[in-house]
Amino acid sequence: MKCKRFLLLSAVVAGLLSAAPGDAQLSPEKSLETFRMADGFQAAVWASEPGLVNPTNLDIDERGRAWVLEAANYRASQIRPEGDRILILEDTHHTGHCDSYKVFVQDKRLNAPLGICKLGNKLFVSQSPNVFVYTIDEATDKPAGEPQVLFTGFEGVNHDHGVHKFVFGPDGRLYFNCGNEGGKGFIKYGDGKPVIDIVGSEVGEKGKIYKGKPKTHDYSGPRQGLVLSCDPDGSKVETYAYNFRNNFELCVDSFGTVWQSDNDDDGNQGCRINYVMEGGDFGYTGPRGSNWMRDRSVFPGQTKQEAHWHQHWPGVVPDMLHTGQGAPCGIVVYESNLFGDRYFGALFHADAGPNVVRAYITTPSEHVAKGIMNRDPGESLHEKPGAGYQCDSVEIMKSSDHWARPDDVCVAPDGSVLMADWYDPGVGGHATGDIGAKLHDWHKLTGRIFRFYPEGKALEAPKLDLSTVEGQVAALESPNQATRFLAYQKLAAGGPAAEQALKNVFENEKNPRFRARALWLLARTANGKAEVERALEDKDPDIRVTAIRAARRMKMDIVQVAERMLGDASPAVLRELCLAMRFEPDERAIPLLVKLADKYDGTDRWYLEAFGIGARDCEAQVLAAWKADHQNKDAEAEHGIEWRLKREPVELHPSQSADAGPAPLAPKTSGATGSVNAVSKVTAADSAQTFVTRDGQTLPPMSKLALLSGDAKAGEAVFRNANGANCIRCHQIGDQGGIIGPPLNQVGQKLNKAQLYEAILYPSAAIEMGYETWVVKTRDGEVFTGRKMEDTDDHVTILDADGKYHDLPAGKVDRKVQQKISIMPEGLTQAMTRADLVNLVEFLSQRR
């Protein structure tokens, strides 16, 4: 999925397809030949253009059919006026290849939708500002009437950072997320009533109520990208976690643990995989809503990735893994042994940027991502199970075809995996670059779906029989989400026979994930409390974790449960007890939190954050009670508990770096003036424009320009030349350069030469989110122009073209208007010779 973009931007102009031969479009079969597959995996073309185009997201139903969202109308490329489509693709002859392409619906309201989930006869489609629910007429495979608007108010309309996919959890609830644009809204139900979550807060940054009271000026609660959950009818919404950038998709395993990827600010090699700790703040902005680049100076010596996600700040959940540069997209928990026991429970993840699908194999750990808040030089010298996770990464598929853009993965009933391939020369930027986009003809767009299956195995989908309890139990153990949903519904209403069958699974099944699925349903029965209490004593810590979560869902007295479980040896179990305390009244939670603080070993950052989440909004009271009555006198443990509860931005382990306080807001100074109503003078229609370089040469057409080769070493000198184009003033390579534009460390991985030329020649054709030009006018008549770095209840911060911050009190701001003109200046060719330009593009194209 085209998830991210540099300030160097691609316009929709003629000649893109005449890029260097190595970047030329390949047929689906030829592209497949470029796939390097992991041992035990093989791939085949399952579906492709012209039957489908630009797939953004897919789901697989209980019959093995793929329900696919298309994006012919992707952002700036609006080339299908009838609206985008939802397709149903099927392999009717069981040959391993799709032979049936049907249109479920085409609708003008669909404009590059980002999430699809089929559960029974309902289809959940995420399209900011709305979440639509279609009822499926199963006799015709068409909508039974107009879709219901389940939720509305998400921002990120016509944007990759809006509302994303729904998934069905093992607890019977729905889980979904939205990027940081989506989270800026005020979320309502379809009837216009505001969504109030289970702690009494309005959902979305524009909501005014937090825990039943008006937000105050120092509000630091849910913001930016969100993870949410709800009952299937949309009720009982929980703001599950927050402060992500563009968390494109999430997944939930059988124990109820949530996982997702998140996309960094482009060029910072900071994309990440998260264990989504419930209630957690994941650190994209600082506690005051401050931008990470500005906060970086608080902890000298930290890496850019640590700074990007505020990893050294108390109150931020650590990252499990950094995956570097990329465009992270769809993710799924793979709960099948079709590819061997190693992959059972792994996270399969599509990353469109580096043309790869990976598997992340997770194990419990107290250590956090390498180099982050970890004082052990050997990293693995004495690892032990903790309250968090670590993971090994395996490349399942890696393509040398730079057009291959994996953007989703989904599991079929037979355990095989379908991978959606957006197939485009670029990633993001609110434009497409394949043939159809160039010709303005959606029929000529590209898009593929590939099937991953094991070498040497003939697959046959299990027969689905929901008429018997035995068949329902078999369906509950399916690796396919849609199949499990149907089984869940049947077993939940199945009465004594279903209950007995589920008991048999829980008592006799060796696979803990199947046992956990049975436990979630047993908790709903008349004897649910007894079943959960029995599970709290289980020898498997994952089952005990599931039991605590189920106890909360069925509203057991969680304080009594916590008192009973305080002696548990598993850090994961104690973590869940900590997290549960945030839902309890202070007078009940605080005595338990003091006891749980005594369980902190002085090194497990995951546990420390879980404890802090449990103490949220009553930190001072917990600190006072803990100081009066704590039993664990270990110096490291005492220091960590106080550090977390005070939430002061100082290093947890002072020996690692100097103790620097928070960067104060800079004094307001005059900024560059400009018109607050300025508009762009450059559009993609200017593609016929001629460009003359400093040495008087007229540049050739794009089709010829993109074929030129240059000297990369000389191009680096052009990049760094302050007397020429002066790229380094605004862009970083490594740690050198400005931050007005995004870093360009690996820009060649995402943009080919033609796109790089277009970005330089047409800087305002499309602008990356976060690097837009804003004009802010104060009530005193001053005008400030630049990047909007911070926008909170009490101030707006503008970073101007000279790299200066201007902090403007919110009460003094009269207007703030986003411009269509890039900060990157036009006419850069006049500062370079033709050779300079060609060398510069050669240098940038090799940044991979």
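Since the structure is predicted, the reported quantities are computational estimates derived from the model, not experimental observations. (Residues numbered from 1 in each chain as written. Predicted model: local features only at pLDDT ≥ 70, side-chain atom pairs only at ≥ 80, totals over all residues. Heavy atoms only, no water.)

(A) Broad picture of the overall build of the protein chain. Counting secondary structure elements, the protein chain contains 21 helices and 38 strands. Expressed as a percentage of its 848 residues, the buried residues of the protein chain come to 63%. Pairs at least 24 apart in sequence give 67% of the contacts found in the protein chain among residues at least 6 apart. In the form shown here, the protein chain has an accessible surface area of approximately 30,300 Å², with 50% of it arising from carbon and sulfur atoms. (Helix = DSSP H or I, 4+ residues; strand = E, 2+ residues; numbered from the N terminus. Buried < 20%, exposed > 50% of the residue type's maximum accessible area, 1.4 Å probe, protein only. Contact = heavy atoms within 4.5 Å. Areas by Shrake-Rupley, 256 points an atom, 1.4 Å probe, with all protein chains shown as cover.)

(B) The sheet that holds strand E37 (residues 805-809), seen in detail. Judged by pairing direction, the sheet is antiparallel, and its 5 strands sit side by side in the order E37-E36-E35-E34-E38 without closing on themselves. Single-partner strands in this sheet number two, and they are E37 and strand E38 (813-818). Averaged over neighbouring strand pairs, the angle between their axes works out to 45° when direction is ignored. Of the pairings in the sheet, the one linking strand E35 (residues 783-791) to strand E36 (residues 795-799) comprises 4 bridges and is antiparallel in character. From the neighbouring strand, Lys788 faces E36, where its bridge partner is Ile798. (Pairing = 2+ DSSP bridges. Axes fitted to C-alpha atoms, helices over the stretch in contact; angles between N-to-C directions.)

(C) Representation of helix H16 (residues 635-646) within the structure. Between its first and last C-alpha atoms H16 spans 16 Å; for 12 residues at 1.5 Å apiece the expected length is 16 Å, and the two agree. Listed in full, the buried residues belonging to H16 are Ala637, Gly640, Ile641, Trp643, Arg644 and Leu645. Of the surrounding elements, those touching the buried residues of H16 are helix H13 (586-597), helix H14 (605-614) and helix H15 (619-629). In this structure Asp634 caps H16, since a side-chain oxygen of it lies 3.1 Å from the backbone nitrogen of Glu636. Positioned one or two residues after H16, Arg647 has a phi angle of 55°, which is positive. (Expected span 1.5 Å × (residues − 1). Polar contact = N/O pair within 3.5 Å; in protein donor to acceptor, adjacent residues only side chain to side chain.)

(D) View of the sheet that holds strand E23 (residues 271-275). Taken together, the 4 strands give an open sheet; going across it, the order is E21-E22-E23-E24, and neighbouring strands pair in antiparallel fashion. At either margin of the open sheet sits one strand with a lone partner, and together these are strand E21 (250-252) and strand E24 (321-324). The average angle at which neighbouring strand axes cross in this sheet is 15°, direction not considered.

(E) Quick peek at the packing of aromatic side chains. Counting across every chain of the model gives 30 aromatic pairs. Judged by centre distance (5.3 Å) and plane angle (75°), the rings of Tyr210 and Tyr219 are edge-to-face. Across the pair, Tyr219 and Tyr210 agree in class, each one buried. A centroid spacing of 5.0 Å and a plane angle of 70° characterise the contact between Tyr275 and Tyr389, whose relative ring orientation is edge-to-face. Of this pair, Tyr275 sits in strand E23 while Tyr389 sits in strand E28 (residues 388-399), placing them 114 residues apart in sequence. (Phe/Tyr/Trp six-rings, centres within 6.5 Å; stacked < 30°, edge-to-face > 60°.)

(F) A look at the packing of H14 against H16. Their axes nearest at 10 Å, the elements H14 and H16 cross at an angle of 45°. In terms of orientation, H14 lies oblique with respect to H16. Our pair here, H14 against H16, has a crossing hand that is right-handed. In this structure, H14 uses Arg605, Leu608, Glu609, Phe611, Gly612 and Ile613 to contact H16, whose residues at the interface are Gly640, Ile641, Trp643, Arg644 and Leu645. The class makeup of the residues in the contact of H14 with H16 is 6 nonpolar, 2 polar and 3 charged. (Parallel < 35°, antiparallel > 145°, perpendicular 65-115°, else oblique. Left-handed = near helix turned anticlockwise from the far one by under 90°. Nonpolar A, V, L, I, M, F, W, Y, C, P; charged D, E, K, R; others polar.)

(G) View of helix H12 (residues 571-580). With 9 of its 10 residues buried, H12 lies for the most part within the structure. Among the residues of H12, Ala572, Val573, Leu574, Arg575, Glu576, Leu577, Cys578, Leu579 and Ala580 are the ones counted as buried. Taken together, the buried residues of H12 touch E23, E28, helix H10 (541-553), helix H11 (558-565), H13 and H14. If you check the start of H12, you find a side-chain oxygen 3.2 Å away from the backbone N of Ala572, and it comes from Ser570.

(H) The pairing of strand E31 (residues 448-454), seen in detail. A large share of E31 lies buried, amounting to 7 of its 7 residues. With burial as the criterion, each face of E31 is covered, one bearing Arg448, Phe450, Phe452 and Pro454 and the other bearing Ile449, Arg451 and Tyr453. Where strand E2 (residues 41-48) meets E31, 7 bridges bridge the pair, whose relative direction is antiparallel. For Ala47, the partnering residue across the bridge sits in E31 and is Ile449. The pairing of strand E30 (residues 417-421) with E31 spans 5 bridges and is antiparallel. Among the inter-strand pairings, Val417 is bridged to a residue of E31, identified as Phe452.

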